[in-house]
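Remarks on the overall topology
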Amino acid sequence: MSTMTQNKIIENIFKEIEAIGDISQKNVVPRGARVLLAYKVFRALDRHRFRLEPADIEECLGDLVDTREFLENLLKENNFTESEKTQGVVKEPIEEAERMQYLYGLAWGEQSDQEYYHGASHFKDRLLNSNIDISFLESANCLDLGTGHARYALAMLHLGAKSVTGVDFSKYCLDETERRLKSHSKERSKIKLVHKDVYDLPKDMNNTFDFVCANSFIHHLSDPERALEIVYKTMKRGGHAFVFVFAEDNTPTWRAIDLMRELLKPVPIWHTHKTVKGFEVPGNKIFNFLDYSYTPIQHRFKRKKFEKTLKDIGFKDIKFLEGGVIHDSVLRSRMFEADKLLYGNSEIRYLLKK
Ligand SMILES: C[S@@+](CC[C@H](N)C(=O)[O-])C[C@H]1O[C@@H](n2cnc3c(N)ncnc32)[C@H](O)[C@@H]1O
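Residues numbered from 1 in each chain as written. Predicted model: local features only at pLDDT ≥ 70, side-chain atom pairs only at ≥ 80, totals over all residues.

This next bit is on the overall build of the chain. Within the chain, the regular secondary structure consists of 16 helices and seven strands. In terms of overall size, the chain behaves like a compact globule, its C-alpha atoms giving a radius of gyration of 21 Å where 354 residues would be expected to give roughly 20 Å. Across its three principal axes, the chain shows a C-alpha extent of roughly 65 × 45 × 35 Å. Going through the 354 residues of the chain one by one, you find that 42% of them count as buried. (Helix = DSSP H or I, 4+ residues; strand = E, 2+ residues; numbered from the N terminus. Rg over C-alpha atoms; globule rule 2.2 N^0.38 Å. Buried ≥ 20, exposed ≤ 12 C-beta atoms within 10 Å, placed from the backbone.)

Now for the site of the ligand. The local shell around the ligand holds 21 residues, among which G146, G148, F169, S170 and V198 are the closest. Looking at the shell around the ligand, the elements with two or more residues in it are α5 (96–108), α7 (151–158) and β2 (163–168). Of the residues forming the shell around the ligand, the biggest block, three residues, is contributed by α5. Residues belonging to the shell around the ligand are distributed by class as follows: nine nonpolar, eight polar and four charged. (Near = placed C-beta within 6 Å. Nonpolar A, V, L, I, M, F, W, Y, C, P; charged D, E, K, R; others polar.)

Attention now moves to unusual backbone geometry. Positive phi, close to 60 degrees, is recorded for S139, a residue that is not glycine. Given 11 C-beta atoms within 10 Å, S139 falls into the exposed group. Positive phi, close to 65 degrees, is recorded for A150, a residue that is not glycine. Tracing the backbone shows A150 in the loop between β1 (141–145) and α7.

Turning our eyes to something else, we now look at the sheet that holds β2. For sheets, the rule is that strands pair by backbone hydrogen bonds, running either parallel or antiparallel. In space, the seven strands of this open sheet follow the order β3-β2-β1-β4-β5-β7-β6, with mixed pairing throughout. Across the chains shown, the open sheet's two edge strands, defined by having one partner strand only, are β3 (191–195) and β6 (316–320). Averaged over all pairs of adjacent strands, the angle between their axes in this sheet comes to 15 degrees, without regard to strand direction. As judged from the five bridges shared by β2 and β3, these two strands associate in the parallel manner. Note on β3: the bridge partner recorded for D168 is H195. (Pairing = 2+ DSSP bridges. Axes fitted to C-alpha atoms, helices over the stretch in contact; angles between N-to-C directions.)

This next bit is on α7. Counting buried positions along α7 yields seven of eight residues, so the element is predominantly enclosed. For α7, the secondary structure elements touched by its buried residues are α6 (113–128), β1, β2, α9 (185–188), β3 and β4 (209–215). (Contact = placed C-beta atoms within 7 Å.)

By the secondary structure assignment, V243 is in strand β5 (residues 235–246). Between the C-alpha atom of V243 and that of R349, which follows or precedes it by 106 residues, the distance is 5.6 Å. Setting aside residues up to four positions removed in sequence, V243 forms contacts with A214, I218, V231, Y350 and L352.

To continue, consider the environment of S163. In this structure, S163 sits in strand β2. On the neighbour-count criterion, S163 (18 C-beta atoms within 10 Å) is partly exposed. As a C-alpha pair, S163 and L342 span 179 residues in sequence and 39 Å in three-dimensional space. When near neighbours in sequence (up to four residues on either side) are disregarded, S163 contacts N141, C142, K190 and K192.

Another aspect to go through is the domain arrangement of the chain. Per the domain assignment, the segments of the chain are domain 1 (3–85 + 250–294) and domain 2 (107–248 + 300–353). The C-alpha-based centres of domain 1 and domain 2 are spaced at 29 Å. Taken residue by residue, the interface counts 22 residues in domain 1 and 19 residues in domain 2. Elements represented by at least two residues in the side of domain 1 that touches domain 2 include exactly α1 (3–21), α3 (57–77), α11 (252–264) and α13 (283–294). Among the residues making up the side of domain 1 that touches domain 2, the classes are represented as twelve nonpolar, eight polar and two charged. (Domains from an automatic or database assignment.)

Taken as a class, soluble globular proteins show a tendency for nonpolar side chains to be buried jointly. With 97 residues, the main nonpolar core has V212, V231, V243 and M260 as its most contacted residues. No other element matches helix α2 (residues 31–46), which puts ten residues into this core. Counting contributing residues, this core receives three or more from each of domain 1 (3–85 + 250–294) and domain 2 (107–248 + 300–353). (Core = buried A, V, L, I, M, F, W, Y, C linked by C-beta atoms within 7 Å.)

On to the packing of α6 against α7. Two elements in contact, α6 and α7, have axes separated by 8 Å at closest approach and are oriented at 55 degrees. Accordingly, the angle class assigned to the pair α6 and α7 is oblique. Seen from above, α6 lies across α7 with right-handed handedness. Residue-level inspection shows Y116, G119, A120, S121, F123 and K124 of α6 in contact with α7, the latter providing R151, Y152, L154 and A155. (Parallel < 35°, antiparallel > 145°, perpendicular 65-115°, else oblique. Left-handed = near helix turned anticlockwise from the far one by under 90°.)

The next thing to look at is the packing of helix α10 (residues 224–234) against helix α14 (residues 303–313). When two helices pack together, their arrangement is captured by the angle between the axes and the distance separating the axes. Direction vectors running N to C along α10 and α14 enclose 45 degrees, while the axes themselves pass 10 Å from each other. Put simply, α10 runs oblique to α14. Regarding α10 and α14, the two cross each other, and that crossing is right-handed. In this structure, α10 uses E225, L228, E229 and Y232 to contact α14, whose residues at the interface are T309, L310 and I313. Classifying every residue of the contact of α10 with α14 gives four nonpolar, one polar and two charged.

What follows is the structure, encoded as C-alpha coordinates:
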(Lines give C-alpha, C1' and ligand atoms only; values in the text may rest on other atoms or scores of the structure.)
Protein backbone atom coordinates (compact mmCIF):
# COMPACT_ATOMS: atom_id res chain seq x y z
CA MET A 1 0.00 0.00 0.00
CA SER A 2 1.43 3.40 -0.90
CA THR A 3 2.05 6.09 1.69
CA MET A 4 -0.64 8.26 0.14
CA THR A 5 -3.20 5.45 0.32
CA GLN A 6 -2.34 4.75 3.96
CA ASN A 7 -2.61 8.43 4.79
CA LYS A 8 -6.00 8.60 3.10
CA ILE A 9 -7.27 5.54 4.97
CA ILE A 10 -6.22 7.03 8.30
CA GLU A 11 -7.87 10.36 7.43
CA ASN A 12 -11.08 8.52 6.45
CA ILE A 13 -11.20 6.65 9.76
CA PHE A 14 -10.78 9.94 11.64
CA LYS A 15 -13.65 11.44 9.61
CA GLU A 16 -15.84 8.41 10.28
CA ILE A 17 -15.22 8.63 14.02
CA GLU A 18 -16.20 12.29 13.94
CA ALA A 19 -19.32 11.59 11.88
CA ILE A 20 -20.55 8.52 13.80
CA GLY A 21 -20.31 10.18 17.15
CA ASP A 22 -21.23 13.62 15.90
CA ILE A 23 -18.64 14.53 18.44
CA SER A 24 -19.18 18.24 18.21
CA GLN A 25 -22.58 17.76 19.84
CA LYS A 26 -21.90 17.80 23.51
CA ASN A 27 -24.18 15.10 24.78
CA VAL A 28 -24.35 12.37 22.14
CA VAL A 29 -21.30 10.56 23.44
CA PRO A 30 -21.04 10.38 27.24
CA ARG A 31 -17.93 11.66 28.95
CA GLY A 32 -16.41 8.35 30.01
CA ALA A 33 -16.67 7.06 26.45
CA ARG A 34 -15.10 10.25 25.10
CA VAL A 35 -12.07 9.75 27.34
CA LEU A 36 -11.75 6.13 26.28
CA LEU A 37 -12.07 7.01 22.59
CA ALA A 38 -9.55 9.84 22.82
CA TYR A 39 -7.11 7.61 24.68
CA LYS A 40 -7.52 4.87 22.06
CA VAL A 41 -6.68 7.38 19.32
CA PHE A 42 -3.67 8.59 21.31
CA ARG A 43 -2.42 5.02 21.89
CA ALA A 44 -2.89 4.01 18.26
CA LEU A 45 -0.20 6.48 17.24
CA ASP A 46 1.89 6.76 20.39
CA ARG A 47 2.67 3.13 21.01
CA HIS A 48 4.92 2.70 17.99
CA ARG A 49 7.35 5.49 18.68
CA PHE A 50 9.12 3.93 21.63
CA ARG A 51 10.28 0.82 19.79
CA LEU A 52 13.57 0.45 18.00
CA GLU A 53 11.83 -0.73 14.83
CA PRO A 54 9.62 0.86 12.20
CA ALA A 55 6.07 1.77 13.19
CA ASP A 56 3.63 -0.96 12.24
CA ILE A 57 1.12 0.90 10.07
CA GLU A 58 -1.19 -2.12 9.76
CA GLU A 59 -1.36 -2.33 13.54
CA CYS A 60 -2.04 1.39 13.75
CA LEU A 61 -4.85 1.09 11.20
CA GLY A 62 -6.23 -1.88 13.12
CA ASP A 63 -6.28 0.15 16.34
CA LEU A 64 -8.10 3.01 14.64
CA VAL A 65 -10.69 0.72 13.03
CA ASP A 66 -11.20 -0.86 16.44
CA THR A 67 -11.77 2.60 17.92
CA ARG A 68 -14.36 3.39 15.26
CA GLU A 69 -16.16 0.08 15.90
CA PHE A 70 -16.07 0.69 19.63
CA LEU A 71 -17.90 3.96 19.11
CA GLU A 72 -20.37 2.43 16.67
CA ASN A 73 -21.29 -0.39 19.05
CA LEU A 74 -21.44 1.90 22.02
CA LEU A 75 -23.99 4.13 20.35
CA LYS A 76 -25.99 1.18 18.97
CA GLU A 77 -26.23 -0.75 22.18
CA ASN A 78 -26.82 1.94 24.73
CA ASN A 79 -29.52 4.39 25.51
CA PHE A 80 -27.77 6.78 27.80
CA THR A 81 -29.67 8.57 30.47
CA GLU A 82 -29.43 12.34 30.66
CA SER A 83 -27.31 12.10 33.80
CA GLU A 84 -24.86 9.67 32.16
CA LYS A 85 -24.34 12.12 29.35
CA THR A 86 -23.77 15.19 31.45
CA GLN A 87 -22.76 14.00 34.93
CA GLY A 88 -20.01 15.65 36.90
CA VAL A 89 -20.34 19.33 36.23
CA VAL A 90 -17.45 20.77 38.16
CA LYS A 91 -15.92 24.20 38.08
CA GLU A 92 -12.59 24.38 36.33
CA PRO A 93 -10.63 27.45 35.29
CA ILE A 94 -12.10 28.73 32.03
CA GLU A 95 -9.74 31.59 31.35
CA GLU A 96 -6.80 30.54 29.13
CA ALA A 97 -3.83 31.39 31.34
CA GLU A 98 -5.40 30.02 34.50
CA ARG A 99 -6.37 26.83 32.69
CA MET A 100 -2.80 26.39 31.45
CA GLN A 101 -1.43 26.82 34.98
CA TYR A 102 -3.91 24.34 36.38
CA LEU A 103 -3.28 21.78 33.62
CA TYR A 104 0.50 21.68 33.97
CA GLY A 105 0.43 21.57 37.75
CA LEU A 106 -1.80 18.51 37.50
CA ALA A 107 0.04 16.85 34.60
CA TRP A 108 3.61 17.24 35.86
CA GLY A 109 2.60 15.80 39.20
CA GLU A 110 1.90 12.50 37.46
CA GLN A 111 5.46 11.68 36.44
CA SER A 112 7.31 9.22 38.63
CA ASP A 113 10.83 10.18 39.75
CA GLN A 114 12.21 7.67 37.28
CA GLU A 115 10.26 9.27 34.40
CA TYR A 116 11.37 12.70 35.59
CA TYR A 117 15.07 11.81 35.49
CA HIS A 118 14.66 9.97 32.22
CA GLY A 119 13.01 13.09 30.73
CA ALA A 120 15.89 15.23 32.06
CA SER A 121 18.45 12.97 30.38
CA HIS A 122 16.90 13.71 26.97
CA PHE A 123 18.35 17.22 27.04
CA LYS A 124 21.92 15.96 26.85
CA ASP A 125 21.06 13.16 24.41
CA ARG A 126 19.32 15.52 22.02
CA LEU A 127 22.34 17.81 21.87
CA LEU A 128 25.02 15.14 21.73
CA ASN A 129 23.16 13.03 19.16
CA SER A 130 23.01 16.13 16.97
CA ASN A 131 26.80 16.53 17.25
CA ILE A 132 26.63 19.66 19.37
CA ASP A 133 29.65 20.55 21.44
CA ILE A 134 28.06 21.24 24.83
CA SER A 135 31.09 22.89 26.43
CA PHE A 136 29.16 26.21 26.32
CA LEU A 137 27.25 24.93 29.35
CA GLU A 138 30.40 24.80 31.47
CA SER A 139 30.00 27.41 34.26
CA ALA A 140 27.11 28.96 32.32
CA ASN A 141 24.41 31.09 33.87
CA CYS A 142 21.22 29.69 32.37
CA LEU A 143 17.61 30.71 32.00
CA ASP A 144 14.90 28.06 31.62
CA LEU A 145 11.71 29.66 30.31
CA GLY A 146 8.50 27.79 31.17
CA THR A 147 10.56 25.54 33.41
CA GLY A 148 7.62 23.33 34.47
CA HIS A 149 9.04 20.96 37.05
CA ALA A 150 12.60 22.01 36.15
CA ARG A 151 13.81 18.73 34.67
CA TYR A 152 15.91 20.57 32.07
CA ALA A 153 17.20 22.98 34.72
CA LEU A 154 18.49 19.97 36.63
CA ALA A 155 20.03 18.58 33.43
CA MET A 156 21.86 21.88 32.75
CA LEU A 157 23.43 21.77 36.21
CA HIS A 158 24.50 18.18 35.68
CA LEU A 159 26.24 19.29 32.48
CA GLY A 160 28.32 21.86 34.34
CA ALA A 161 26.13 24.98 34.46
CA LYS A 162 26.78 27.38 37.33
CA SER A 163 23.21 28.50 37.92
CA VAL A 164 19.74 28.21 36.42
CA THR A 165 16.88 30.67 36.72
CA GLY A 166 13.64 28.78 36.07
CA VAL A 167 10.63 30.91 35.14
CA ASP A 168 7.06 29.66 35.16
CA PHE A 169 3.73 31.39 35.63
CA SER A 170 2.09 28.33 37.19
CA LYS A 171 2.22 28.29 40.96
CA TYR A 172 0.98 24.71 40.81
CA CYS A 173 4.04 23.78 38.70
CA LEU A 174 6.49 25.56 40.95
CA ASP A 175 5.05 23.89 44.06
CA GLU A 176 5.55 20.59 42.28
CA THR A 177 9.13 21.62 41.41
CA GLU A 178 9.91 22.43 45.04
CA ARG A 179 8.64 18.99 46.03
CA ARG A 180 10.62 17.31 43.26
CA LEU A 181 13.89 19.07 44.16
CA LYS A 182 13.64 18.42 47.91
CA SER A 183 16.07 15.55 47.68
CA HIS A 184 18.57 17.60 45.62
CA SER A 185 19.91 20.15 48.06
CA LYS A 186 23.14 20.71 46.09
CA GLU A 187 21.29 21.48 42.85
CA ARG A 188 18.44 23.30 44.63
CA SER A 189 20.82 26.00 45.85
CA LYS A 190 21.82 26.73 42.24
CA ILE A 191 18.26 26.94 40.92
CA LYS A 192 16.34 30.15 41.34
CA LEU A 193 12.63 29.69 40.71
CA VAL A 194 10.78 32.78 39.51
CA HIS A 195 7.00 32.85 39.53
CA LYS A 196 6.27 35.14 36.61
CA ASP A 197 4.61 35.40 33.26
CA VAL A 198 7.33 35.37 30.59
CA TYR A 199 5.95 38.62 29.18
CA ASP A 200 6.56 40.34 32.53
CA LEU A 201 10.25 39.55 33.00
CA PRO A 202 12.24 42.45 34.45
CA LYS A 203 14.47 44.42 32.06
CA ASP A 204 17.56 43.64 34.13
CA MET A 205 17.36 40.07 32.81
CA ASN A 206 18.26 41.34 29.33
CA ASN A 207 21.72 40.42 27.95
CA THR A 208 22.32 38.34 31.06
CA PHE A 209 22.35 34.63 30.28
CA ASP A 210 24.96 32.43 28.63
CA PHE A 211 22.26 29.92 27.78
CA VAL A 212 18.48 30.23 27.41
CA CYS A 213 16.26 27.18 27.15
CA ALA A 214 12.69 27.21 25.79
CA ASN A 215 11.70 23.57 25.68
CA SER A 216 8.12 22.89 24.63
CA PHE A 217 7.22 26.43 25.62
CA ILE A 218 6.97 28.86 22.69
CA HIS A 219 4.05 26.97 21.09
CA HIS A 220 1.98 27.41 24.26
CA LEU A 221 2.13 31.19 24.20
CA SER A 222 -0.37 33.74 22.92
CA ASP A 223 2.35 35.69 21.08
CA PRO A 224 5.11 33.23 20.13
CA GLU A 225 7.13 35.76 18.16
CA ARG A 226 7.31 38.12 21.12
CA ALA A 227 8.39 35.18 23.28
CA LEU A 228 11.20 34.37 20.82
CA GLU A 229 12.30 38.00 21.05
CA ILE A 230 12.45 37.58 24.82
CA VAL A 231 14.67 34.50 24.37
CA TYR A 232 16.94 36.63 22.19
CA LYS A 233 16.93 39.66 24.51
CA THR A 234 17.79 37.67 27.62
CA MET A 235 20.82 36.01 25.95
CA LYS A 236 24.28 37.52 26.27
CA ARG A 237 26.04 38.29 23.00
CA GLY A 238 27.80 35.07 22.03
CA GLY A 239 25.34 33.09 24.16
CA HIS A 240 23.36 30.02 23.08
CA ALA A 241 19.68 29.05 23.12
CA PHE A 242 17.78 25.79 22.75
CA VAL A 243 14.27 25.98 21.32
CA PHE A 244 11.82 23.14 20.75
CA VAL A 245 8.48 23.78 19.05
CA PHE A 246 5.65 21.85 17.44
CA ALA A 247 5.64 21.90 13.64
CA GLU A 248 2.78 21.50 11.18
CA ASP A 249 3.47 18.91 8.53
CA ASN A 250 0.11 17.34 7.64
CA THR A 251 0.78 14.04 9.34
CA PRO A 252 -1.83 11.91 11.14
CA THR A 253 -0.12 12.94 14.39
CA TRP A 254 -1.73 16.36 14.51
CA ARG A 255 -4.96 15.10 12.98
CA ALA A 256 -5.20 12.57 15.84
CA ILE A 257 -4.49 15.28 18.41
CA ASP A 258 -7.16 17.52 16.88
CA LEU A 259 -9.62 14.64 17.15
CA MET A 260 -8.64 14.04 20.79
CA ARG A 261 -9.11 17.74 21.56
CA GLU A 262 -12.52 17.76 19.88
CA LEU A 263 -13.64 14.59 21.70
CA LEU A 264 -12.57 15.98 25.05
CA LYS A 265 -13.94 19.50 24.64
CA PRO A 266 -17.01 18.84 26.82
CA VAL A 267 -15.06 16.79 29.38
CA PRO A 268 -13.47 18.57 32.36
CA ILE A 269 -9.74 17.95 32.83
CA TRP A 270 -10.29 16.45 36.27
CA HIS A 271 -12.67 13.85 34.83
CA THR A 272 -10.22 12.71 32.15
CA HIS A 273 -7.38 12.74 34.65
CA LYS A 274 -9.30 10.57 37.08
CA THR A 275 -10.44 8.16 34.36
CA VAL A 276 -7.00 7.50 32.85
CA LYS A 277 -5.49 7.20 36.31
CA GLY A 278 -8.05 4.49 36.97
CA PHE A 279 -6.64 2.51 34.02
CA GLU A 280 -3.22 2.54 35.70
CA VAL A 281 -1.72 4.37 32.75
CA PRO A 282 1.96 5.31 33.38
CA GLY A 283 2.48 8.88 34.61
CA ASN A 284 4.35 9.93 31.50
CA LYS A 285 1.48 8.86 29.28
CA ILE A 286 -1.02 10.68 31.47
CA PHE A 287 1.17 13.76 31.11
CA ASN A 288 1.40 13.55 27.32
CA PHE A 289 -2.26 12.71 26.88
CA LEU A 290 -3.45 15.62 29.05
CA ASP A 291 -0.86 18.00 27.59
CA TYR A 292 -1.82 17.32 23.95
CA SER A 293 -5.56 17.21 24.63
CA TYR A 294 -6.07 20.13 26.99
CA THR A 295 -3.42 22.77 26.57
CA PRO A 296 -5.40 25.90 25.74
CA ILE A 297 -2.76 27.10 23.23
CA GLN A 298 -1.00 24.74 20.85
CA HIS A 299 0.61 26.50 17.89
CA ARG A 300 2.21 24.43 15.15
CA PHE A 301 4.76 26.26 13.06
CA LYS A 302 5.74 25.82 9.44
CA ARG A 303 9.43 25.01 9.55
CA LYS A 304 10.57 27.44 6.84
CA LYS A 305 8.53 30.32 8.20
CA PHE A 306 9.71 29.62 11.73
CA GLU A 307 13.34 29.69 10.63
CA LYS A 308 12.75 32.99 8.85
CA THR A 309 11.29 34.43 12.05
CA LEU A 310 14.37 33.29 13.98
CA LYS A 311 16.60 34.97 11.41
CA ASP A 312 14.58 38.18 11.40
CA ILE A 313 14.82 38.41 15.18
CA GLY A 314 18.60 38.26 14.87
CA PHE A 315 19.54 34.71 15.89
CA LYS A 316 22.75 33.48 14.31
CA ASP A 317 24.10 30.01 13.51
CA ILE A 318 20.59 28.54 13.42
CA LYS A 319 21.21 24.82 13.73
CA PHE A 320 18.35 22.39 13.17
CA LEU A 321 18.87 19.41 15.47
CA GLU A 322 18.57 16.21 13.48
CA GLY A 323 19.51 13.82 16.25
CA GLY A 324 17.45 13.01 19.28
CA VAL A 325 16.05 10.20 21.37
CA ILE A 326 14.15 7.16 20.16
CA HIS A 327 10.68 8.75 20.24
CA ASP A 328 11.65 12.03 18.54
CA SER A 329 9.75 12.42 15.28
CA VAL A 330 12.64 13.92 13.31
CA LEU A 331 14.97 11.08 14.20
CA ARG A 332 12.34 8.38 13.58
CA SER A 333 11.38 9.90 10.25
CA ARG A 334 14.99 9.76 9.14
CA MET A 335 15.29 6.14 10.24
CA PHE A 336 11.98 4.64 9.09
CA GLU A 337 9.61 5.35 6.17
CA ALA A 338 6.57 4.23 8.17
CA ASP A 339 7.39 6.72 10.92
CA LYS A 340 7.77 9.49 8.38
CA LEU A 341 4.17 8.82 7.42
CA LEU A 342 2.86 8.80 11.00
CA TYR A 343 5.00 11.45 12.72
CA GLY A 344 6.82 13.43 10.01
CA ASN A 345 8.76 16.37 11.42
CA SER A 346 6.07 17.32 13.88
CA GLU A 347 8.54 18.47 16.56
CA ILE A 348 11.52 20.62 15.65
CA ARG A 349 14.50 21.61 17.76
CA TYR A 350 17.18 24.22 17.30
CA LEU A 351 20.39 25.42 18.81
CA LEU A 352 20.80 29.14 18.26
CA LYS A 353 23.38 31.82 18.92
CA LYS A 354 23.28 35.56 19.50
C1 LIG B 1 4.87 21.87 28.19
S2 LIG B 1 5.43 22.65 29.61
C3 LIG B 1 7.21 22.56 29.37
C4 LIG B 1 8.00 22.54 30.68
C5 LIG B 1 9.51 22.39 30.58
N6 LIG B 1 10.10 23.37 29.72
C7 LIG B 1 9.92 20.98 30.17
O8 LIG B 1 10.11 20.75 28.99
O9 LIG B 1 10.02 20.13 31.04
C10 LIG B 1 5.11 24.37 29.37
C11 LIG B 1 5.31 25.20 30.62
O12 LIG B 1 5.23 26.59 30.27
C13 LIG B 1 4.54 27.27 31.30
N14 LIG B 1 3.97 28.50 30.73
C15 LIG B 1 3.00 28.60 29.78
N16 LIG B 1 2.76 29.89 29.49
C17 LIG B 1 3.59 30.63 30.26
C18 LIG B 1 3.81 32.04 30.39
N19 LIG B 1 3.10 32.94 29.70
N20 LIG B 1 4.78 32.45 31.25
C21 LIG B 1 5.50 31.57 31.98
N22 LIG B 1 5.31 30.23 31.91
C23 LIG B 1 4.37 29.76 31.05
C24 LIG B 1 3.50 26.27 31.79
O25 LIG B 1 3.04 26.56 33.09
C26 LIG B 1 4.28 24.95 31.70
O27 LIG B 1 4.91 24.62 32.90
